[in-house]
Every structure is written in C-alpha cells, then in structure tokens.
Amino acid sequence: MQVTLKIFRYNPEVDKTFRYETYTLEAVETDRILDLLEKVKGYNDGTLSFRRSCAHGVCGSDAMRVNGRNYLACKVLVRDVGDKITVEPLLGLKVVKDLIVDMEPFFDNYKKVLPYFINDSPLPADGKERLQSPEQRARFDETTKCILCAACTTSCPSFWSSDDYLGPAALVTAHRFIFDSRDEAAAERMHIVSETSGVARCHTVFNCTMACPREIQITKAIGELKMAMITGKIE
Amino acid sequence: MNIHQFDVVVVGAGGAGLMAGLYASRGAKTAVISKLYPTRSHTGAAQGGVAAALGNLEGDNPDWHTYDTVKGSDYLGDQDAIEFMCHEAPQAVIELENYGLPFDRTPDGRISQRPFGGHTNNETGKPVRRACHAADRTGHMILQTLYQQCLKNKVNFFDEYQVLDFIIVNGKAAGVVAVELATGELHTFHAKAIIFATGGHGRIFEVTSNAYAYTGDGAAILLRHGLPLQDMEFFQFHPTGIYKLGILITEGVRGEGGILINGKGERFMPKYAPTIKDLASRDVVSRAIYTEIREGRGVNGQNYVYLDVRPESVIKYAALDGRTNPDGTPYIVTGEQILKKLPDIIDFCRVYLGVDPLTQMMPIQPTAHYTMGGIPTNKYGEVVIDDKNTVLPGLYAAGECACVSVHGGNRLGCNSLLDIIVFGKHAGLKAAEYAKTADFEKLPDDAEAGSRSAFEALRNGSGKENAFDIGTEMKKVMFDDVGIYRNEKGMAEALEKVRALKERFKGVRVTDTGKIFNTELLNAWELGNMLEVAEVITVSALNRKESRGGHSREDCPNRDDKNWLKHTLVRKQNGEIKIDYKPVTITKYQPKERVY
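Calculation rules
Residues numbered from 1 in each chain as written. Chains lettered and ligands numbered in written order. Predicted model: local features only at pLDDT ≥ 70, side-chain atom pairs only at ≥ 80, totals over all residues. Heavy atoms only, no water. Helix = DSSP H or I, 4+ residues; strand = E, 2+ residues; numbered from the N terminus. Buried < 20%, exposed > 50% of the residue type's maximum accessible area, 1.4 Å probe, protein only. Contact = heavy atoms within 4.5 Å. Pairing = 2+ DSSP bridges. Salt bridge = Lys/Arg side-chain N within 4 Å of Asp/Glu carboxyl O. Axes fitted to C-alpha atoms, helices over the stretch in contact; angles between N-to-C directions. Parallel < 35°, antiparallel > 145°, perpendicular 65-115°, else oblique. Nonpolar A, V, L, I, M, F, W, Y, C, P; charged D, E, K, R; others polar. Polar contact = N/O pair within 3.5 Å; in protein donor to acceptor, adjacent residues only side chain to side chain. Core = buried A, V, L, I, M, F, W, Y, C linked by side-chain atoms within 4.5 Å. Left-handed = near helix turned anticlockwise from the far one by under 90°. Disulfide = S-S within 2.5 Å. Arc of directions from axis to C-beta. 1 Å grid on protein atoms, 1.4 Å probe; cavity = no way out; pocket = protein on both sides within 12 Å on 5 of 7 lines; lining within 4 Å. Points joined across faces, edges and corners; volume = space filled by probe spheres on them.

**Overview of the overall build of chain A**
Secondary structure assignment for chain A yields nine helices and seven strands. Taken along its principal axes, the extent of the C-alpha atoms in chain A is 60 × 35 × 30 Å. The buried share of chain A, reckoned over its 235 residues, is 60%. For chain A, the share of sequence-separated contacts (at least 6 apart) that also reach a separation of at least 24 residues comes to 63%.

Structure below.
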C-alpha cells in the first residue's frame, strides 16, 4: 500500500520557521511509523532528525505526535493510523530540530520528586532482602512501568499552560515511591506534590492516561496522590 | 576546545555503566557519558530476570549456578571468573533490592524466582527457580533503579554525548573524545581511568532483538587502536524473537510453562533436550528451531514455529513433565496469572502481531540477541591486551561490550543482568582505586584530530553510495551466512561481501551539513563501526574450525577440545587482521559432552 507521510520539519541552522514536508512511500499495514521515518531518512532526506533506540516500546526515545495524538513511533503501526499520516514533535517542550524536543525541563521535573528509593533504617541483620508482601508489592506495580517517554506530560493541557507544573510523569514517579511499603520518604514527597506546582494542577482531563504507551492508569495514580494529600493517609 | 577533567570516566549508561559510575563515584570524581539518556539504554529491554542462587523457593547454591554457567558456555568460559560471578550473585541481587528495586515477591515476602533456560538442580538435572524477576521487565527495573541511585549520589552525567575516540598516552588510558549531539561540539574528557560499558553490536544482523544503539562503538574504537577483541565469533541467537521483527519474547515464557510447537503441531524440544526440554540452553533451542524449519516443519512452510503459553497448554504439558508447585501441588495457571507475570510480552504480541498469547500461539523465530565476545578483561574489569593477560593501565570494560569471559560460547539467560551488576561494580571499584594513585597523563596536542578526520571523511565522500543500502546488505549477509548455522563457503563469501561493503562505505557522503543533532552523521559513523565489527566476527568465525556454543559450523559439526579449547584474540595491525589465542581457565570442571 501507499502512504503519505507529512512530517513537521524545522532545522534551526537553516529555517526561520517550521514547515511540513510530505513523502509518499510504499508500506505494509504492520510497519511501525518508526520504520517509515527510517526509510525517509535513508532514501529521501538524510537530514530528517528524530530520536530512537529500542524500536519496541520500552526505551521511551521516540515519543511524538502521530495524527495529533502522542505515541511512541515504534509502537504505533500503519494499520492503527491509516494511510494519511502526520508526524509532529511533542507539544509543550521546545523543538530543537524536526521531531527532537528539548527533554531537559521534563527530566528537571522528574528530579524534583526525589526519584530514588530512600530508606535509612538499618538493613536486615540476616544480610537478606527487605521483606514485602505480594500485596504490598502490587500496590505500586502500575507506576513502576513508566519509561519516561514524556508522552503523558506533553499531552497535558495544564503542562502546556504552565512551566512549573511537575506534570504526570513526575507524579507517576512520586507515586511509585510513596506507595512502596519499603520507602521512608513519603512525607517529604507528599509535601512536594502538594505544592501548587503539584497534583492541584491536575484537572482530570485524562489525556495522560490516553497517551501512555505503557497503559499506566496515570489519572488514577494522581487521584490516589490527591486522596493521600486530603486524608493524610497513604493506603 | 572543550576539556573536562575527571578521575574516572564511564562510557555508556546501561546497567554496567551505571553500576560502575555508582561505585566509582564513591571514591573518585566520576562522569558518565552516554549517547542516549541513561534510561533509554538497552538494559531496559531485558525481560526475564537476573540469576542468583538465593534458594528462595527451593534448594539451590552458587556452585550449581557455576557449573550450569560453565556447561552453558560449552566450556569456553573461564571458570575462575564464572565462580566469582556466581558466588557474588546473591549479594549483588540483595543489593539491588536494598536500592529499592521492586522485585516480585514470594508469599513470605522474599524475592520471587522462576526457572530459566540452562539453570538446573545439579542433583536432579531438572530446571531450578533461579531467575529473580520483576514481572517481565526486570532489566527496566534495574536500569531505573541504578539511574535513580546515581541521581541520589549526584553522579555527573553527560547525556547524549557520543564517544568517538579513546586517547592512549604512554601505553595508559588518558581520556576519550565525544561529540555533544545537541551542539555538534567535540569534547575531550581527560581522565585517569576510562570504563567502557558501551554494550553489544546485534544491529549488524538483519533480525535482532537489539536496539538501534547497539552498534559496537566501544569494540570498534579499541580495534582502531590496535587492541584485541576476544571470542568475537560467539554471538547468541535467542530462540524466541517475534517473527520477522526480532523483538524478544523472554525465556521466562518457557520458564512459566510455555512450550515450542512446530508446524505439525508437535512439541519438538524433547527430541533435542530430553531432560530439560524447552528450557535447554539458548544455542541448543535456536538450533532445534532451525532444524525443524529446515526439515520442513516450520509453520505453513515458513521460517517460524510457535511458542504456546495458553493456560490449557501450560497445564497439559506441566502435568506430562511432572512439574509441580514448590509445595508439591499440581502446576495450574490461569490466563490472569500469565498476564500478571508476562504483561509486556502479551502487550508486544497484541500490538505487533495482533495475536493474543492467552488464546493464540505466538509465531517466533531465532533473533540475534547477545554479544558473548568483546573487549577482553579480567574479573576486576581491567582490560587485558594479550595472551598473558597483561593489563592496559587505566582502561576498564564491563557488561556486554566486555569478555571476561563468563559466557564463553553461549550465555545462559539471566546471566547478562548478573554480569552487568557484578562486573560493573568491580570495574567501578577498581577504576576508583587506580585513580587514587595514578596521575593524569598529558593529553596529546590535538586529541580530537582522529575524531575530526573521521567526520570529515563522512562529509567528503563521493556520495555515490547510500549508507542505508550498505547497512541493509551487511545485516542480510551477516544473518544469512554468519548466523545460527555457518560453513566455510558461506562465511568466505560473507567476508568478501563485508569487505566490499567497507570499500563502498568510503563512497558515502552525509548530506546534513549542520551541527545540531546531526543524526545522519552519527548513524554513518556507527555504520562504520558495525562494518569493522562484522569483519572481525567473520574472520574469527572462519578461523575456528569446530562447533561450540553459539558457533555452529555445518562443515565442522563437533566440538574439538584438543585444538580449540582456547579463546580467540583478534586485532588489526596496519590494516591486517591478526589472530592469537589465549588459554581457557579450567579449575573444577573438566570439559565433557554437553547434554540437556
């Protein structure tokens, strides 16, 4: 089958503003959009720039907009989006070149929620693992899936409209630690997510949940943080 | 010139690089530079688990793990290093848990374990639960946890910096040169110790589970400096990749009771591995699949077979095999339990194949998966450069780019995640210790000259050749002729072809003349690395006239311990490839026939 691929282009070294280029190419229904971008780069225009690595939806490099919705380019197929395909960079982060955006503000937000395990109590005397029941482990399973692709955060209208909102991805990370029975810094993290740049900016639009390529119930996770903030209980 | 000075510089931010960075930073001023954001590294794609004889669910011990690894390596692994790794394993996994890694749990709250290929109870020969897992995203959890701990410990990161060259002065490591992708600027990292943790090179093959980033950069850079690479002919083809795409379907599927089925609907592994059947070593299972396909028992005459993890099949074959739960009750599973244990696998099949593994069988074929060979090191991660294991002062390597050698001719599943945490840690410790007493070597006047000229060559080629075509042709010939089954004629033709491609590569001209994220230039440079690596793999494979582990020659079908129980060292001198050998360290386990 033939597909038309309309791609957002911007090269700051040449272009004053962005433009779109359209390419027509042969594809099959099971081609990933990433496969098509690779073909365009290989045969049509070597300057086309985008990030990619694992090519099967686990590294989080190639989040972008396809037909207006956030996807990983390697996890959306032609059969999912049809033969007229528009590819654009993520919204809400500065475009650096073509489909590459500046990820630094995104990772800066991630770093604000103390994104690491904190437990300063002595380790078990037997030299073994800290114990955790399967139920305690299951409590935060969902939010351990996050690959930091930014599809959620850059789909969020609250993030688009304010620079200082932590955004869904950082809140997912906060959730992962706050609900981990072994972690001891929940109070500190709750303080961070309870500030005005935190969960209060979530207006349950659900864009993040729709956008997540790992199918994390993000709005629900943020809801659980809100509940913990209101009740003062982490359950 | 942009010059940075650190005691220790780690190149690569996958599991090995992050572990090295974490440990080195405790004793020395350390930087980690990576061509990707660290969380994009390929460790994150590892699924099934990390091996350690914790014995949480049944009797196990590090000696069994050692023997299984020696046997899995087809006796090419160095037994002192293997013993070291397997005995460090329990503590290393506990350490990850202490860093917060969310392992799945047993009912009594300990780290959960599942069976995995080649890991056995040495008394019964039956599969043992040794793979410590976090669903089917164990690598993702390791990568995240280690990155998080590095942030906590304020390790210095240089994200999206591609290393281009290694600086060696007076026979010692002195630094590396890298390009900052966002600006195109070259940077020199002046260091006392350098740790390469640059990963493997599976992207030289057409069907692979490996990330685009897996282009053999570290290996190729050292090769250009006349340094040796070890056992490059040994590459692992994982039995279960998604048909055509090569995306990995973890061995954990078989660990949970999945079985392989040919086109006639028969379970075929008992023919090839009567005792552990579908959980034999990867090389054995990959060859079995290929044999089925070649003898006409692929599905619909195509190059694939099925992997079946439908609950009714799992229950049926578990009963036939006498598999029970740890408490002795029959092994029964539901679709819901399988979904919980293998969520990503089920997601991959649904997305890429439109197949639901809970009700349908998965079409699979072997996929190029893991680089057993690489930069030779001792068990402390120190790079060694000859048959006497002479250390190159200040240079370290760990993880998939390195060859300790703990995997020998064939790696066991779950031993790669173990390798990265054990040897990443020791490389980091050793490098920091070295940096305490070593001095900085004086940098050469123009340390960046080599990198600049490599880029200039790519910008000034005739433009007659297309890099994408060259890459495609390389991948095809390597997969077809230097793949699972090999022979003299096919490999000789492959070598000729790869050399012709290297010539044609000189005619590539990068069209992007910009500096900012010039990914065309970087991809072309990576292709150059892959061609270098493909050439030495083919030469090493042609040279080894036996079959061992992942190196299976139709024209020399048997293992030949008399002539070939030795490591290959391959290097380039004045453009010529030279092969030397190094003895295998054998301590407790004398080579014997390998039967599963």
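Next comes the rest of the description.
**Describing the sheet that holds strand S5 (residues 127-132) of chain B**
All names here are of chain B. In spatial order, the strands read S3-S5-S4; together these three strands make up an open sheet with antiparallel pairing. Both outer strands of the open sheet, strand S3 (50-51) and strand S4 (113-120), are each paired with one neighbouring strand and no more. By the bridge criterion, two bridges tie S3 to S5 in an arrangement that is antiparallel. What sits directly across from Val50, in S5, is Cys132.

**With respect to the pattern of salt bridges**
Residues and elements named next belong to chain B. On inspection of all chains with the given rule, the structure shows 75 salt bridges over all chains. The shortest N-O distance in the salt bridge between Arg267 and Asp278 comes to 2.7 Å. A residue pair is termed long-range when its members are at least 10 positions apart, and Arg267 in the loop between strand S12 (259-261) and helix H7 (269-272) and Asp278 in the loop between H7 and helix H8 (282-297) qualify at 11 residues. The buried category is assigned to Arg267, whose relative accessible area is 18%. In the salt-bridge network here, residues are joined through shared partners; they are Asp74, Glu233, Asp283, Arg287, Arg544, Glu546, Arg548, Arg559, Asp561 and Arg594.

**Section: the packing of helix H5 (residues 217-224) of chain B against helix H16 (residues 519-543) of chain B**
Residue and element names in this part refer to chain B. Interhelical geometry of H5 versus H16 gives an angle of 75 degrees and a closest axis separation of 9 Å. Relative to H16, H5 is oriented roughly perpendicular. Across from Asp217, Ala219, Ala220, Ile221, Leu223 and Arg224 in H5, the residues of H16 making contact are Trp525, Glu526, Gly528, Asn529, Glu532, Val533 and Val536. Within the contact of H5 with H16, the residues separate by chemical class into seven nonpolar, two polar and four charged.

**Thoughts on the interface of chain A and chain B**
Counting residues at the interface gives 65 residues for chain A, matched by 62 residues for chain B. Put simply, chain A and chain B have nine salt bridges between them. A salt bridge links Asp126(A) to Arg110(B); the nearest nitrogen and oxygen atoms lie 3.8 Å apart. For the pair chain A and chain B, the interface holds 41 residue pairs in polar contact (both at pLDDT 80 or more). Secondary structure elements with two or more residues in the side of chain A that touches chain B: helix H1 (33-44), strand S6 (95-97), helix H3 (104-112), helix H4 (134-139) and helix H6 (167-178) of chain A. For the side of chain A that touches chain B, the element with the highest residue contribution is H1(A), accounting for five residues. Grouping the amino acids of the side of chain A that touches chain B by side-chain chemistry returns 29 nonpolar, 13 polar and 23 charged.

**Re the nonpolar core**
Counting residues in hydrophobic clusters, the biggest one holds 142 residues, and the most contacted among them are Leu37(A), Ile85(A) and Ile421(B). Discounting chain neighbours no more than four positions away, the residues touching Ile421(B) are Met19(B), Val50(B), Ala92(B), Val93(B), Leu96(B), Ile142(B) and Leu146(B). In terms of nonpolar packing, the next biggest core, distinct from the first, is built from 78 residues, Phe158(B), Leu223(B), Met232(B) and Val508(B) among them.

**A look at the environment of Ile142(B)**
Within the fold, Ile142(B) resides in helix H4 (residues 138-152). Ile142(B) has contacts with Thr43(B), Val50(B), Leu96(B), Leu101(B), Leu417(B) and Ile421(B), leaving out every residue within four places of it along the chain.

**Points about the packing of helix H14 (residues 467-481) of chain B against H16(B)**
Residues and elements named next belong to chain B. Packing of H14 against H16 brings their axes to within 11 Å, and their N-to-C directions diverge by 25 degrees. Judged on the interaxial angle alone, H16 and H14 are roughly parallel. Remark: the crossing between H14 and H16 carries left-handed chirality. Mapping the contact onto sequence places Ala467, Ile470, Gly471, Met474, Lys475 and Met478 in H14 and Leu527, Met530, Leu531, Ala534, Ile537 and Thr538 in H16.

**Observations regarding the sheet that holds strand S2 (residues 19-26) of chain A**
All names here are of chain A. If you walk across this open sheet you meet the five strands as S2-S1-S5-S3-S4, and the pairing is mixed. Only two strands of the sheet have a single partner each, and these edge strands are S2 and strand S4 (69-72). The sheet shows a mean angle of 35 degrees between the axes of neighbouring strands, taken without regard to direction. Here eight bridges tie strand S1 (residues 2-9) to S2, and the two strands are oriented antiparallel to one another. Along S2, the bridge assignment pairs Ile7 with Glu21.

**Quick look at the state of the cysteines**
Residue and element names in this part refer to chain A. Applying the stated criterion to the full structure yields zero disulfides over all chains. Looking at Cys149, it has no disulfide partner, and the nearest cysteine sulfur is the one in Cys152, 6.3 Å off. Judged by its relative accessible area of 7%, Cys149 is buried.

**So, the environment of Gln337(B)**
Residue and element names in this part refer to chain B. Tracing the backbone shows Gln337 in helix H10 (residues 335-341). Owing to a relative accessible area of 39%, Gln337 belongs among the partly exposed residues under this scheme. C-alpha of Gln337 to C-alpha of Leu320: the two residues are 17 residues apart in sequence and 21 Å apart in space.

**Observations concerning helix H9 (residues 311-321) of chain B**
Residues and elements named next belong to chain B. Among the residues making up H9, those that are buried are Pro311, Ser313, Val314, Tyr317 and Ala318. For H9, the angular spread of buried residues about the axis comes to 160 degrees, placing them on one side. For H9, exposure combined with an orientation more than 90 degrees from the buried face picks out Ala319 and Leu320. Tucked into the core, H9 has its buried residues touching S12, strand S13 (305-308) and H10.

**Quick look at empty space enclosed by the protein**
Residue and element names in this part refer to chain B. A full pass over the atoms with the stated rule returns 10 cavities of 30 Å³ or more. What the largest cavity holds in volume is close to 690 Å³. Lining the largest cavity are 50 residues, and of these His42, Thr43, Gly199, Tyr214 and Glu400 lie nearest its centre. Secondary-structure elements contributing two or more residues to the lining of the largest cavity are helix H1 (15-25), strand S2 (30-34), strand S7 (161-169), strand S14 (362-371) and helix H12 (415-437). As a volume, the second largest cavity reaches approximately 300 Å³.

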